[in-house]
Amino acid sequence: GGISEVSFDFTPAGDLVAIGRNEDGDRTGFGSQLFFARKGALGTWQSLDVSLPHRFDSPRLVSMAGELILFARYAREPYALFPTWLPFKLQRFTNLLTYSLLPKSAA
């Protein structure tokens, strides 16, 4: 498991927000993971209990007019399309194979 292709930016208050691709999966599932760290504790990142269902490729977080905007390539379908009762390595392989065949968009 592990997170890759991480992008981050800071809120107007100085807190850190980051997003990373969770393609290999971990205890939180598959897709993308969102992180947050307070201005006074930037080394202490908190993550979601469950990964976001969509995989965002080459994410870019950008601050615009006080809002954080995410630009990324993605598929409309959730990344984890296979049941969790399958062995983990089989889930990882089938998710990656299926995702590679899906049409992608960017926003």
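The structure contained in this document is the topic of the report that follows. Just so you know, these numbers come straight off a predicted model, no measurement behind them.

1. Remarks on the side chain of E23
1) Next: Within the secondary structure, E23 sits in strand β2 (residues 16–26).
2) Next: Given a relative accessible area of 16%, E23 falls into the buried group.
3) Next: Apart from residues no more than four positions distant in its own chain, E23 is found in contact with F30, G31, R55, Y79, R92 and L96.

2. A few points about the packing of aromatic side chains
The relation between two aromatic rings is expressed through the spacing of the ring centres and the mutual angle of the planes.
1) Next: Under the counting rule described, the total for this entry stands at 6 aromatic pairs.
2) Next: Ring plane angle 50 degrees and centroid distance 6.4 Å describe the contact between F30 and Y79, whose orientation is recorded as tilted. Of this pair, F30 sits in strand β3 (residues 29–37) while Y79 sits in the loop between β6 (67–74) and α1 (88–101); the two residues are 49 residues apart in sequence, bridging distant segments of the chain. As far as burial versus exposure is concerned, F30 and Y79 are alike and both buried.
3) Next: Site record: aromatic cluster; members linked through ring pairs are F30, Y79, F88 and Y99.

3. Some points on the pairing of strand β5 (residues 57–64)
1) Next: Sheet topology places β5 next to β6; 6 bridges connect them, and they run antiparallel. The partner of L61 across the bridge, within β6, is L70.
2) Next: In this antiparallel pair of consecutive strands, β5 and β6, the connection spans 2 residues, and A65 shows a positive phi of 50 degrees.

4. Considering the pattern of salt bridges
1) Next: If you walk through the whole model with that rule in mind, you get 6 salt bridges.
2) Next: Residue R21 pairs with E5 through a salt bridge whose shortest N-O separation is 3.2 Å. Pair noted here: R21 is in strand β2 and E5 is in strand β1 (residues 4–10), with a separation of 16 residues, a long-range link.
3) Next: The class for R21 is buried, based on a relative accessible area of 11%.
4) Next: Classification of E5 as partly exposed rests on a relative accessible area of 32%.
5) Next: For R21, the salt bridge identified is with E23, shortest N-O distance 3.4 Å.
6) Next: One connected set of salt bridges, linked through shared partners, spans E5, R21, E23, R55 and D57.

Calculation rules
Residues numbered from 1 in each chain as written. Predicted model: local features only at pLDDT ≥ 70, side-chain atom pairs only at ≥ 80, totals over all residues. Heavy atoms only, no water. Helix = DSSP H or I, 4+ residues; strand = E, 2+ residues; numbered from the N terminus. Buried < 20%, exposed > 50% of the residue type's maximum accessible area, 1.4 Å probe, protein only. Contact = heavy atoms within 4.5 Å. Phe/Tyr/Trp six-rings, centres within 6.5 Å; stacked < 30°, edge-to-face > 60°. Pairing = 2+ DSSP bridges. Salt bridge = Lys/Arg side-chain N within 4 Å of Asp/Glu carboxyl O.

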